[in-house]
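# Reading the structure
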Amino acid sequence: MTVEIKTIDFEPKRQTFGHVARRIGEGKPATRYQEAVLDVQATANFHYKPLWEPEYWAYDTAKTKVVMQDWYKPLDPRQYYYATYNISRANMNQSNERNFTFVEDKELLEKLPQATKDLLINRLVPVRHLHWGANMNMSEICQRGYGTAITSPCIFSAGDHLGMAQIIGRIGLELDGQTGDGLETAKDAWMNDASWQGIRKLIEDTLVLKDWFELFVAQALGVNAVIFDYIYNGQDEAFGAASLPISMLTEFVSDWSKDEVKWSDSVIKVVAAESVENKATVSAWAKQWIAAAQDALTPFAGADNAKAQADKAREKAKKLGLEI
Amino acid sequence: MAVKKMGLKQKYAHLTRGLDWETSYQKMDDVFPYDQFEGIKITDWSKWEDPFRLTMDSYWKFQAEKERKLYAVIDAFAQNNGQLNVSDARYINVLKLFLTGVSPLEYQAHRGFAFTGRHMRGVGPRIAAQMQSLDELRHFQTQAHTISHYNKFFDGIAEFQHMHDRVWYLSVPKSFFDDARASGPFEFMIAIGFAFEYVLTNLLFVPFMSGAAYNGDMSTVTFGFSAQSDESRHMTLGIEVIKFLLEQHPDNLPIVQKWVDKWFWRGFKVLGLVAMMMDYMLPKKVMSWKEAWEIYFTEAGGSLFTDLERYGLKVPKYADVATEMAEHISHQNWAVFYQYTHAAAFHTWTPDKEHLDWLSEKYPNTFDKYYRPRWEMWAKMDEEGKRFYNMALPQLCQTCQIPMAYTEPGDPTQISFRCTEWNGEMYHFCSDGCKDIFDDEPEKYAQSWLPVHQIFQGNCGGPTVPDVLNWYRLNAGADNMDYVGSPDEQIWNSWKGKAPAEAAE
Ligand SMILES: [Fe+2]
Ligand SMILES: [Fe+2]
C-alpha cells in the first residue's frame, strides 16, 4: 500500500545561474563550488585605471606573461569555497590542538635538554618568518591574479601560512617557557644567522616579483617544494628525540602540504599544458626558481642535501609536464 | 624560579607583528611600492592598536561553526521551498537588486582587501585586512548560494554576474567600487573600511537584512545574522584605520577629510537604490528611508563625527544636502525605474492606496505635494491602457552615473544640473558633490564607462532597445516590465492558488 501526500508542484525554471549553466551545460544542477567560483570576477567595462598602476586594469590578463584562453581551466581539485575551506581547516586544527594538549600535558618539549631546545629555536622556529613571506606572496597573487578559480584558493593559502606561522610561534613559546625570548632569538637567527640568509634572500626576491604567475611558480616549486619541505621533513635526524613531538605539533603543516600540493600542482600542470609558449615560460621559471631555492638552501642544509631536495622538486616539475 | 609570563595582548603581538621583518636583500620601498604616493605619512606603524585579536586558528573555528549552521538553514530552506513563506513575490525584486547590485561588490571588496592586506606596511592592519578579504569572499559566496534557490523559480536573477558589468543602473554600484579599487591602499581603507563599512553599513546591510526578516525570507535573514559578527569586525577595523591615520601625522588630516567627503557622497548616491527598496519595494515595510537616515546617519553619524572632532575631522561636506535629499531620493529613483521598466531587470509597480497612505504619513512635508499626484496619475494612465514609458535615453552624471533626475536642493521642482569643462570637453553632473569629485581628479572620472554614451557609441549590442537588452542578457518579457502580468506573478499565484486578477487587486 502506498501513501500519497499531495504537494504543490515545484518545477524549477532553471537549475543555476546563466554563467554557470553556460559552462556546465543547460539544465544541469551546479555544485556549490561552481556557483561560488565560476566567472565571478569581472572581466569587462572597467571604469578607471588604478592610480597605483595605470598601465593595467585592476583585473588584467596582461599582468602575467602566460596566456590562457580561459582562466577558469585551472580549477581547484579540492573544490574549496569559503565554507568548505574553513571547515577543513577547523578540523585539521582541532587534531593539531589535541596534539598541543598532549605534548603540554606530558611536558614533551619542556623536558627536552636545553641544547635541543636551542637547536629547535635556531633551526625550526625562524621558519615562521618564511611563512609570513609566503602569506604575503599568496595575498599578492590573490589581488593581482586573474580569475576567481585561481585567486580564491590563494587567499585561503595566505590564511594557511598565517596559521602555520602562528603554530610555529606557539612552539617557540613552548620552548622558551612562554617568555617570548625564544622568538626573539629565532628572529635574530632569521635576520643574521648565515644559515638562514639564503632563505631570507630567496623570499625577499619573490616579494618584488610583478608577474603573478611567476610568483605562483616560485612559491610552489621553489619555496614550498624545496625550502619548506626540507625544513619540515629533512631535519628529523638532527632533531632526534624532539622529532616526534615536533611532528605532532606540526601535523597541521603536513596535512596542509598534501592539500596545497594537490591544488598547486594541478594549476601549474594545466597552465603549462595550455600552449607551447606557456610550457616554455613556466619551465624557465621553474628552472630558475628551483635553482635559486637550491642556492638558498645550501647554507642551511649543506650542498648535498640542498641538491637532493632541489632534484626532488625538478622531478616533480617534470611530472607536471615541464622541461627542466 | 619566577618566569616572566606574558599577557594575552603580548602573546598576540608575538604571534602577529613579531612575524614581520625589515627586508635588506630587497628595499622595503620595492616590497611595498604603493603606500607612499597618496601622501599619507606614517611615522610609527607599531602604534597601531589591533582592533580585535584573532589568531588564525580561532578564525577558522568560529567561521566554520557559523558556516555549518548557515548551510544547514540554506539546505532546509531549499528542501522545504521556503520561498513560499515570503510576504509576496514582489519581495523577490529586492533580492534581484541585491544580487545584481551588491553581491558583486562583496567580491570586489574581497580582492581590494587582499590588496591592502598585502600592501600596507604595518603588520597589524595587514592581518586585519586579510581576514576581511576572506570574509568578503564569504559574503559573496553565501549570498550567491542563498539566492540560488530563488533563481530556480524567479526571473531577473540568473544573469546577475553578466548584468553587473553592463546594465545602465548597475554601473552606479560598479563604478563606485571600481573607483575604490583604483585608489591607493589608504584611500581604499577610508573609502570602504571607514565610509562604507562604518558610516554607511547600517544603511545598506541592515535595511536589506531587516527587509528579509520582515518579509519572511528566512534564508537571507539567516545569512544576515551570520554575517553580523564579520561586520562588527569590519567596523572596528574601519574606525581604527581613520583614527590611526589622523594620529600619525597632522598632514594626513586634509587628505583624509577630502576622502571622507568624497566617499560619503559616493556612498550616499549608491544608497539611493536602498532608499527606493525600503520605501517602494518591500511589501512589508521596515521603516522609511527618511527614518533610517535620521537614526543611522543624523544621530549615529552625528555622534561619530563629534567623537572624531578631537582629530580635527569635520562632518562630511554636503551632509546637509544629503539629509535634505532624504525627503526625495526614494520617490525620484522609483519614478526613474517605473519609467524605464522595460530596461530594468526587476519588476516595477505603482504603489497601491495603502502604500500611498503610508508614504504620505512618512513624508508629510513632501509626498502629497510632489509625488503622490504623479503616482496617482500614472496609475490612472495605466488603468486606461496608456501606461507611461520613457523611451528617451537619459543623460547620466559623469561621477555617480545616475540619470539626471534629482532635484535642486531647496527646490524639488527643478532638476539639478552642473557641468565642468575639462580638456576641451563638457562633463555633466547631478550635484555639487559629484562635480567637486570630478574637479578634484578629472583624469580619473573622465574615464567613466557611461552606459548611455556606450550605447550611443555602438558598444552595447546595437542601437535599439531590444539590441541592448539582448546584450545585457535581459530576457525581455520575463525579467523586465511590471510585476502585474509577469511570470513571477504567475508562478506565485499558482502556488498560492490565487487567480491573477485577485492578486492585481
Ligand atoms: Fe561584506
Ligand atoms: Fe552624480
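Throughout this description, residue numbers start from 1 for each chain and increase along the sequence as written. Written order determines the labels here, with chains lettered from A and ligands numbered from 1. Since the coordinates come from a predicted model, pLDDT governs what is reported: local features require at least 70, and pairs of side-chain atoms require 80 or more to be given and counted, while whole-chain, interface and lining totals use all residues. Values shown for side chains rest on all heavy atoms present in the structure; no hydrogens or waters enter the calculation.

### Let's talk about the overall build of chain A
The condition that has to hold: Think of it this way: any DSSP run of H or I at least four residues long counts as a helix, any run of E at least two long counts as a strand, and we number them from the N terminus. Only protein chains enter the accessibility calculation, which uses a 1.4 Å probe; a residue whose area is less than 20% of its type maximum is buried, one above 50% is exposed, and one in between is partly exposed. In what follows, residue pairs with any heavy atoms lying within 4.5 Å of each other are defined as contacts. Each accessible area value is a Shrake-Rupley result obtained with a 1.4 Å probe; residue values ignore everything except the protein chains displayed when judging cover. When charges are counted, Lys and Arg contribute as positive and Asp and Glu as negative, whereas His and the chain ends are disregarded. The atoms used to mark charge sites are NZ of Lys, CZ of Arg, CG of Asp and CD of Glu.
If you tally the helices and strands in chain A, you get 14 helices and 0 strands. Viewed in the frame of its principal axes, chain A has a C-alpha envelope of about 70 × 60 × 40 Å. Out of the 324 residues belonging to chain A, those deemed buried represent 62%. By sequence separation, contacts in chain A at least 24 residues apart represent 76% of the contacts at least 6 residues apart. Surface exposure of chain A reaches about 12300 Å², of which carbon and sulfur atoms provide 52%. If you average the places of the 36 positive and of the 44 negative side-chain charges in chain A, the two averages end up 5 Å apart.

### Re the overall build of chain B
So the rule is basically this: Here the globule rule is a power law, 2.2 Å times the number of residues to the power 0.38, and the radius of gyration is based on C-alpha atoms.
Of regular secondary structure, chain B possesses 23 helices and 4 strands. Relative to a compact globule of 505 residues, whose C-alpha radius of gyration would be 23 Å, chain B shows 24 Å and is just as compact. Projected onto its principal axes, the C-alpha positions of chain B cover 90 × 60 × 45 Å. Across the 505 residues that make up chain B, the buried fraction comes to 65%. For chain B, the share of sequence-separated contacts (at least 6 apart) that also reach a separation of at least 24 residues comes to 77%. Summed over all atoms, the accessible surface of chain B reaches about 18000 Å², with 53% contributed by carbon and sulfur. Separation of charge centres in chain B, based on 50 positive and 66 negative side chains, amounts to 6 Å.

### Points about the side chain of A:Gln197
The condition is simple: Any pair of nitrogen or oxygen atoms within 3.5 Å is treated as a polar contact; in protein, a donor-acceptor pairing is required on top of that, and neighbouring residues in sequence qualify only through side-chain atoms on both sides.
Along the chain, A:Gln197 turns up in helix 8 (residues 194-207). On the accessibility criterion, A:Gln197 (13% relative accessible area) is buried. Looking at A:Gln197, its side chain comes within polar contact range of the main-chain oxygen of A:Trp190, at 2.9 Å. A distance of 3.2 Å separates a polar atom in the side chain of A:Gln197 from the backbone oxygen of A:Met191. If we ignore the near neighbours within four places in the chain, the residues touching A:Gln197 are A:Ala189, A:Trp190, A:Met191, A:Asn192 and B:Tyr25.

### Here's the deal with the pattern of salt bridges
Residue and element names in this part refer to chain B. Our working definition: We define a salt bridge as a contact between a side-chain nitrogen of Lys or Arg and a carboxyl oxygen of Asp or Glu at a distance within 4 Å.
Applying the stated rule across the entire model yields 61 salt bridges over all chains. Notably, a salt bridge pairs Asp179 with Lys262, separated by 3.6 Å at the nearest N-O pair. Of this pair, Asp179 sits in helix 8 (residues 171-181) while Lys262 sits in helix 12 (residues 252-281), and the two are 83 residues apart along the sequence. Accessibility classification places Asp179 together with Lys262 in one group, the buried group. One continuous salt-bridge network, built from bridges that share partners, spans Lys66, Glu67, Asp135, Arg138, Asp230 and Arg233.

### A look at the environment of B:Met381
Residues and elements named next belong to chain B. Of note, Met381 is situated in helix 17 (residues 367-383). Using a relative accessible area of 22% as the deciding quantity, one classes Met381 as partly exposed. It is 40 Å that separates the C-alpha atoms of Met381 and Tyr445, two residues lying 64 residues apart in sequence. Leaving out residues up to four positions away in the same chain, Met381 has contacts with Lys386, Arg387 and Phe388.

### Some thoughts on helix 13 (residues 289-308) of chain B
Residues and elements named next belong to chain B. In plain terms, the rule: Bend, at a single residue, is the angle you get between axes fitted to the 7 residues ending at that residue and the 7 residues starting at it.
Along helix 13, the sharpest change in direction is near 30° and occurs at Gly301. Those residues of helix 13 not exposed but buried are Trp289, Lys290, Ala292, Trp293, Phe297, Gly301, Leu304, Phe305 and Leu308. Looking at the packing, one finds that the buried side of helix 13 touches helix 9 (185-199), helix 11 (218-248), helix 12, helix 14 (319-325), helix 15 (329-339) and helix 16 (353-362).

### Describing the coordination of the iron ion (ligand 2)
All names here are of chain B. The test is simple: Only nitrogen, oxygen and sulfur atoms qualify as donors, provided they sit within 2.8 Å of the metal or within 3.2 Å for Na, K and Ca; with water excluded from the atoms, sites may seem incomplete. Irregular is the label for any site that misses the other tests, which are tetrahedral for four donors with all angles between 85 and 135 degrees, and square planar for four donors or octahedral for six when opposite donors exceed 155 degrees and the remaining angles lie between 65 and 115.
Here the iron ion (ligand 2) is held by Cys397 (SG), Cys400 (SG), Cys430 (SG) and Cys434 (SG), and the distances to it run 2.3 Å. Viewed at the metal, the 4 donor atoms of the iron ion (ligand 2) are separated by angles of 107 to 115°, and the geometry they form is tetrahedral. Summarised as a motif, the one-chain spacing of the donors to the iron ion (ligand 2) is C-x2-C-x29-C-x3-C. Of this pair, Cys400 sits in the loop between helix 17 and strand 1 (407-408) while Cys430 sits in the loop between strand 4 (425-429) and helix 18 (432-440), and the two are 30 residues apart along the sequence. On the basis of relative accessible area, Cys400 is assigned to the buried category, the value being 1%.

### Some details on a nonpolar patch on the surface
Residues and elements named next belong to chain B. Which entries qualify depends on this criterion: Patches here: salt-bridge-free residues with over 30% relative accessible area, like charges joined within 9 Å, nonpolar side chains (Val, Leu, Ile, Met, Phe, Trp, Tyr) joined within 5 Å.
On the surface, Tyr389, Met391 and Val465 cluster together into a nonpolar patch covering about 260 Å² of accessible area. On the secondary structure map, Val465 appears in helix 21 (residues 465-471). Taking relative accessible area as the criterion, Val465 reaches 30% and is therefore assigned partly exposed.

### As for the coordination of the iron ion (ligand 1)
Residue and element names in this part refer to chain B. Distances from the iron ion (ligand 1) to its protein donors, namely Glu106 (OE), Glu136 (OE) and His139 (ND1), fall within the range 2.1 to 2.2 Å. Written as a sequence motif, the donor arrangement for the iron ion (ligand 1) is E-x29-E-x2-H. Taken as a pair, Glu136 and His139 lie in helix 6 (residues 123-151) at a separation of 3 residues, close to a single helical turn. Accessibility expressed as a relative area gives 1% for Glu136, which makes it buried.

### Remarks on the pairing of strand 4 of chain B
Across a regular strand the side chains alternate sides, sitting on one face of the sheet and then on the other. Residues and elements named next belong to chain B. Here is the rule we go by: Paired strands, as defined in this entry, are two strands with at least two bridges between them according to DSSP.
Bridge analysis of strand 3 (residues 418-422) against strand 4 gives 5 bridges, and the strand direction is antiparallel. Bridged to Glu421 within strand 4 is Met426. Counting the residues in the hairpin turn of strand 3 and strand 4 gives 2 residues, including Asn423, whose phi is positive at 55°.

### A look at unusual backbone geometry
For A:Asn45, which is not glycine, the phi dihedral falls at a positive 60°. Considering the arrangement of structural elements, one finds A:Asn45 in the loop between helix 2 (32-37) and helix 3 (82-105). For A:Asn45, a relative accessible area of 17% gives the class buried. Even without glycine at this site, B:Tyr318 takes up a positive phi of about 65°. Its location among the elements puts B:Tyr318 in the loop between helix 13 and helix 14.

### A few points about the packing of helix 10 (residues 205-214) of chain B against helix 11 of chain B
Residue and element names in this part refer to chain B. Note the threshold: Angles here are taken between N-to-C directions and fall from 0 to 180 degrees, while the axes themselves are lines fitted to C-alpha atoms, restricted in helices to the stretch in contact. Throughout, a crossing is termed right-handed when the near helix is turned clockwise from the far one, and left-handed when it is turned anticlockwise from it by less than a right angle. Side-chain classes are defined by residue name, with Ala, Val, Leu, Ile, Met, Phe, Trp, Tyr, Cys and Pro counting as nonpolar, Asp, Glu, Lys and Arg as charged, and the others, Gly among them, as polar.
At a closest axis distance of 8 Å, the pairing of helix 10 and helix 11 adopts a crossing angle of 150°. With respect to the hand of their crossing, helix 10 and helix 11 are arranged in left-handed fashion. In contact with Phe205, Met209, Ala212 and Ala213 of helix 10, helix 11 contributes Thr220, Val221, Phe223, Gly224, Ala227 and Glu231. Grouping the constituent residues of the contact of helix 10 with helix 11 by class yields 7 nonpolar, 2 polar and 1 charged.

### Looking at the packing of helix 5 (residues 127-144) of chain A against helix 8 of chain A
When two helices pack together, their arrangement is captured by the angle between the axes and the distance separating the axes. Residues and elements named next belong to chain A. For clarity, the threshold we go by: Working definition: roughly parallel below 35 degrees, roughly antiparallel above 145 degrees, roughly perpendicular at 65 to 115 degrees, and oblique for all remaining angles.
Put simply, helix 5 and helix 8 touch, their axes get as near as 9 Å, and they point 10° apart. Overall, the two elements helix 5 and helix 8 adopt an arrangement that is roughly parallel. Only Trp196, Ile199, Ile203, Thr206 and Leu207 of helix 8 make contact with helix 5, whose side of the interface consists of Val127, Leu130, Gly133, Ala134, Met136 and Asn137. Looking at the contact of helix 5 with helix 8 residue by residue, the classes come out as 8 nonpolar, 3 polar and no charged.

### Topic: the nonpolar core
The cut-off we apply is this: We define the nonpolar core as a collection of buried residues of types Ala, Val, Leu, Ile, Met, Phe, Trp, Tyr and Cys that are connected through side-chain atoms lying within 4.5 Å of one another.
Grouped together as the largest cluster of nonpolar side chains are 279 residues, with contacts concentrated most on A:Leu130, A:Phe213, A:Ile227, A:Val282, B:Phe154, B:Ile242 and B:Trp289. A total of 18 residues in this core trace back to one element, the largest contributor, which is helix 12 of chain B. When neighbours within four sequence positions are excluded, B:Phe154 is seen to be in contact with A:Arg14, B:Gln83, B:Ala89, B:Ile92, B:Asp488, B:Ile491, B:Trp492 and B:Trp495.

### Structural notes on the interface of chain A and chain B
Rules: Summed over both partners, the accessible area lost on bringing two parts together, with a 1.4 Å probe, is the buried area.
Each partner contributes to the interface: chain A provides 92 residues, whereas chain B provides 97 residues. For the pair chain A and chain B, the summed buried surface comes to about 8300 Å²; carbon and sulfur atoms form 59% of the total. Remark: the boundary between chain A and chain B carries 6 salt bridges. A salt bridge links B:Arg118 to A:Glu140; the nearest nitrogen and oxygen atoms lie 4.0 Å apart. Remark: the boundary between chain A and chain B carries 54 residue pairs in polar contact (both at pLDDT 80 or more). Elements with a contribution of two residues or more to the side of chain A that touches chain B: helix 1 (18-24), helix 2, helix 3, helix 5, helix 6 (148-175), helix 7 (181-192) and helix 8 of chain A.

### Quick look at the environment of B:Asp436
Take B:Asp436: it is sitting in helix 18. Aside from chain neighbours lying at most four places away, what touches B:Asp436 is B:Lys317 and B:Tyr318.

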